[in-house]
Amino acid sequence: MSSEKRQPAPIPVEERLFSLVLALLATENGLTKSEILSTVQGYRQRYATRGDNASLERQFERDKDDIRELGVPLETIDAPGDPGNNQTLRYRIPRAGYELPADIAFSPSETALLNLAAMAWREGSLSRESRRALLKLRSIGAETSDPLLGYAPRIRTRDAAFGPLNDALSKGVIVSFPYLKPGDPTARLRTVVPLALVQHQGRWHLKAIDQGVGEPRTFLLSRITGPVKLSRTASPSVPGDHAASALAELESIWQANVALIEVRPGTDASVRLVRRRGASLDDDGRVLLHFTDAALLADELAGFGPEVRVLGPERLVDAVIARLEAAVAAHRTDGHAASAASASTEVRP
Amino acid sequence: MTPNTPRESQPFSFAQDKLTFLLTLVPYLLDRGRVSVADAAAHFQVGEKQIREAVSLIAVSGVPGETTQYQHGNLFDISWDDFDERDEIVITHKVALDDSPRFSAREAAALIAGLQYLQSLPENIDGGVYSSLMDKLARGASERPSQVAVARTDATESLSEVRDALDRRVQLEFDYLSSRGSHERRRVDPLRIDSDDENWYLRAWDHLREAVRTFRLDRMTQVAVTDAPVSGTHDDVRLGDRLFQGGDDDQLVTIEIDPSATTLLGEFLASVDEEPTDATAAASGRVRARIRVAHIHGLTRLVTSMPGAVTVIDPPEARAAVVDWATAALTGYDREGSESREGRPDHRVE
């Protein structure tokens, strides 16, 4: 089956990418861009020997990005004596950087755990990444034992900002987004160096350095009110395990904040609030509940309506009352929907 | 794979994913020497058609070679007789590719964060197993894994009993507070434990209702693992990914909602209008949507918890229910009609 026979049909994208990876793995000294475009399957069919290959070159740039995103270390080598020249630059994929180290193997029970870890992302922004990671596991022949059947774990990434922020993290670039801080009348544009995305108490947070104040800040993704814009400015390298330290910080805030709540016996609140992590009862049967963010807890507690009465701290009591009043104002039949909209601007999810 | 485990066999739709499949399939085939299409499909959990298409592409792929003409010796080759007649794959000539690729920074990070999340499971897995796995993933990645992490949540106490019953295939009994507020003793055949971030659910065959139901673990009390075996007749029940199925007596409610909040409604959501209905709605940036609810009460709780983002429009009794619920709650506080004093922000989380 010679390749000439297939020439009239367009070459599928995956065939072009596959051929590019094979060609760059096979070369020891690297290939120049014109060598690649004129000889590699999927490019050569569109290559003009004496003409304009601008669109093909742009295609090659996009293909390089796509391949690198898969963890393939596509590297460039300057020609000796001609550094920085795009035309003599050579491309290759070094085998040692490409191949999974030979000593990495996974037992059937480890593979079962990893399958479950990947399954947790099946609806989230990382579902494709997880699935590709599983393909790589299976590639080395990893077999699965099934001790963990009967679980369907799921990590949600409902916030629209998660995808672009995760992109920014892996590309290492500065981002900006409009952010509505509770108590502020309107959202303000923030420009930050993203450091880590962490989920704590079911909420996604971004740990980042706010360029406006030059200090680290923790942002709730649900308070990002508009599109996240990725800049072309590379993030300065900030050493440290940011995900772990962000989680530790949130955990200590959670430890330090305690709400005191009276719950009506026999209600949903009485059954569920007491069984939260870290919840306890005082001598009078009131619930002590840890929290990280007063506004978020206030949302939840307002939903419990008359089943709860919040006793403290004061800012939490105020926030719950504000929500209840907003709910009444927005739904009173003598009022109009317009008043609902204006009453609601004070309180947002 | 049992029917109660979500599958992943849908074909790849992105070129990057198809490429990954090709790059991972070749080393596996080389290692096996000879493998049937069916076995390869089962191993990779893809369809047999996907395997055949991938093998057909691999068999005509290669490197340009010295002649730059993709001549025979520069291409992969397979035993076509085995492939065409016996549906078996044997690679007879290989080019450039031997070993499996490394994980990308994001792929490793996804699995590491997934493992962090799973540490909440009552599986009695040594913490060392998790840390050694995370270490292997990090070493197997081409770059440092992205900084994405999920905090460990301590699962509700009932989880270990539920897990135990599921594992031993026996019936489970518990007091359940339904979302309508009624208490009942329930007896169920456990089918699967689902989790949604920090919330845990049991999908089970309910003996009382004679149907599959979803129970929140934090609404269960007095959980007892019985000795009675499960009936075993609903192994063929297929559990969808949706935790709650709509019923015939569901009510449609019209709401006005901030578009950014629609995801919070999750499975309640039935439809969202593309265009704002009037000038007022347009000015507020809100859209009209319809949600499906089993009863008004659950909706009342939801709306009262996010009054800034959702307003019930219709039916009037649903609006009235919200007013009643919130007013009843306000009587517990001694400051009706007072100005909202919210505005002193929490300085620690922005």
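Quick note: structure is the one above.
Structure report, in brief. Since the model is a prediction, treat every value here as computed from it, not as a measurement.

Let us look at the overall build of chain A. Of regular secondary structure, chain A possesses twelve helices and 13 strands. Here chain A, with 349 residues, has 53% of them falling under the buried criterion. At a minimum sequence separation of 6, the contacts of chain A that also span at least 24 residues come to 60%. Taken as a whole, chain A presents about 14300 Å² of accessible surface, with 50% of it coming from carbon and sulfur.

Residues and elements named next belong to chain A. Looking at the secondary structure, you find Thr111 in helix α5 (residues 108–119). Sequence separation between Thr111 and Glu143 is 32 residues, and the spatial gap between their C-alpha atoms is 6.7 Å. Apart from residues no more than four positions distant in its own chain, Thr111 is found in contact with Phe106, Ala142, Glu143 and Thr144. At 3.4 Å, the side chain of Thr111 forms a polar contact with the backbone oxygen of Glu143.

Attention now goes to helix α7 (residues 162–171) of chain A. By the burial criterion, the buried members of α7(A) are Phe162(A), Leu165(A), Asn166(A), Ala168(A) and Leu169(A). One face of α7(A) carries all of its buried residues, which in axial projection span an arc of 155°.

This part takes up the sheet that holds strand β10 (residues 258–263) of chain A. Residues and elements named next belong to chain A. On the basis of which strands lie adjacent, the open sheet formed by four strands has the order β11-β12-β10-β13 and antiparallel pairing. Every other strand in the sheet has two partners, leaving β11 (280–281) and β13 (308–312) as the edge strands with one partner each. Sitting on the sheet, helix α11 (residues 314–331) touches β10 and β13, and the angle it makes with β13 is about 145°.

With that out of the way, let us pick up the pattern of salt bridges. Considering all chains together, one arrives at 54 salt bridges over all chains under this definition. The salt bridge involving Arg90(A) is made with Glu35(A); its shortest N-O contact spans 3.7 Å. In this pair, Arg90(A) is assigned in strand β3 (residues 90–92) and Glu35(A) in helix α2 (residues 33–39), connecting sequence segments 55 residues apart. Its salt-bridge partner being Lys136(A), residue Glu107(B) comes within 2.7 Å of it at the nearest N-O pair.

Residues and elements named next belong to chain A. Reading across the sheet, the three strands line up as β1-β3-β2 and stay open at both edges, with antiparallel pairing between neighbours. A single partner strand is all that each edge strand has here, and the edge strands are β1 (31–32) and β2 (75–77). Pairing of β2 with β3 involves three bridges; the strand directions are antiparallel. When the sheet's bridge partners are listed, Ile77 is paired in β3 with Arg90.

Residue and element names in this part refer to chain A. Along the chain, Leu289 falls in strand β12 (residues 287–290). Residue Leu289 is classed as buried on the basis of its relative accessible area of 1%. Through-space distance from the C-alpha of Leu289 to that of Val258 is 5.4 Å; in sequence the pair is 31 residues apart. Excluding residues within four positions of it along the chain, Leu289 makes contact with Asn257, Val258, Ala259, Ile261, Leu273, Arg276, Ala279 and Leu297.

Before going further, it helps to examine the nonpolar core. Among the nonpolar cores identified, the biggest contains 71 residues, and Leu165(A) and Phe177(A) are the most heavily contacted of them. Examining the composition of this core, we find that eight residues originate from one element, helix α5 (residues 105–118) of chain B, more than from any other. With residues near it in sequence (within four places) discarded, Leu165(A) still touches Val175(A), Phe177(A), Leu197(A), Leu206(A), Leu221(A), Ile224(A) and Val228(A). In terms of nonpolar packing, the next biggest core, distinct from the first, is built from 57 residues, Leu25(A), Leu70(A), Phe12(B) and Ala40(B) among them.

Let's shift gears to the interface of chain A and chain B. Counting from both sides, the interface comprises 154 residues of chain A and, opposite them, 144 residues of chain B. On the chain A side of the contact with chain B, Tyr151(A), Arg275(A) and His331(A) bury the most area, a combined 6% of that side's loss. There are 16 salt bridges connecting chain A and chain B. Between Arg301(B) and Asp268(A) there is a salt bridge, and its shortest N-O distance comes to 3.4 Å. Summed over the shared surface of chain A and chain B, the number is 61 residue pairs in polar contact (both at pLDDT 80 or more). Broken down by element, the side of chain A that touches chain B gets its largest block of residues, 16 residues, from α11(A). A class-by-class count of the residues in the side of chain A that touches chain B yields 79 nonpolar, 29 polar and 46 charged. As paired elements, strand β4 (residues 151–152) of chain A and strand β7 (residues 183–196) of chain B share two bridges and run parallel to each other. Looking at β7(B), one finds that Tyr151(A) is bridged to Ile193(B).

With that settled, consider the layout of surface pockets. In this structure, the second largest pocket encloses a volume near 790 Å³. Around the second largest pocket, the lining is made up of 31 residues, and of these Leu169(A), Ser170(A), Lys171(A), Gly172(A) and Glu143(B) lie nearest the centre.

The subject of this paragraph is the packing of aromatic side chains. Counted by the stated rule, this structure contains 15 aromatic pairs over all chains. A centroid spacing of 5.7 Å and a plane angle of 80° characterise the contact between Phe21(B) and Phe44(B), whose relative ring orientation is edge-to-face. Separated by 23 residues along the polypeptide, Phe21(B) in helix α1 (residues 15–32) and Phe44(B) in helix α2 (residues 37–44) bring together distant segments of the chain. Taking relative accessible area as the criterion, Phe44(B) reaches 1% and is therefore assigned buried. Through a chain of ring-to-ring contacts, three or more aromatic side chains come together here, namely Phe12(B), Phe21(B), Tyr28(B) and Phe44(B). One Lys or Arg, Arg128(A), reaches over the ring of Phe14(B) and ends 3.7 Å from the middle of that ring.

Rules and cut-offs
Residues numbered from 1 in each chain as written. Chains lettered and ligands numbered in written order. Predicted model: local features only at pLDDT ≥ 70, side-chain atom pairs only at ≥ 80, totals over all residues. Heavy atoms only, no water. Helix = DSSP H or I, 4+ residues; strand = E, 2+ residues; numbered from the N terminus. Buried < 20%, exposed > 50% of the residue type's maximum accessible area, 1.4 Å probe, protein only. Contact = heavy atoms within 4.5 Å. Areas by Shrake-Rupley, 256 points an atom, 1.4 Å probe, with all protein chains shown as cover. Polar contact = N/O pair within 3.5 Å; in protein donor to acceptor, adjacent residues only side chain to side chain. Arc of directions from axis to C-beta. Pairing = 2+ DSSP bridges. Axes fitted to C-alpha atoms, helices over the stretch in contact; angles between N-to-C directions. Salt bridge = Lys/Arg side-chain N within 4 Å of Asp/Glu carboxyl O. Core = buried A, V, L, I, M, F, W, Y, C linked by side-chain atoms within 4.5 Å. Buried area = accessible area lost by both parts, 1.4 Å probe. Nonpolar A, V, L, I, M, F, W, Y, C, P; charged D, E, K, R; others polar. 1 Å grid on protein atoms, 1.4 Å probe; cavity = no way out; pocket = protein on both sides within 12 Å on 5 of 7 lines; lining within 4 Å. Points joined across faces, edges and corners; volume = space filled by probe spheres on them. Phe/Tyr/Trp six-rings, centres within 6.5 Å; stacked < 30°, edge-to-face > 60°. Lys NZ or Arg CZ within 6 Å of the ring centre and 35° of its normal.

Note that every value here comes from positions in space, so none of it alone points to a role or purpose.
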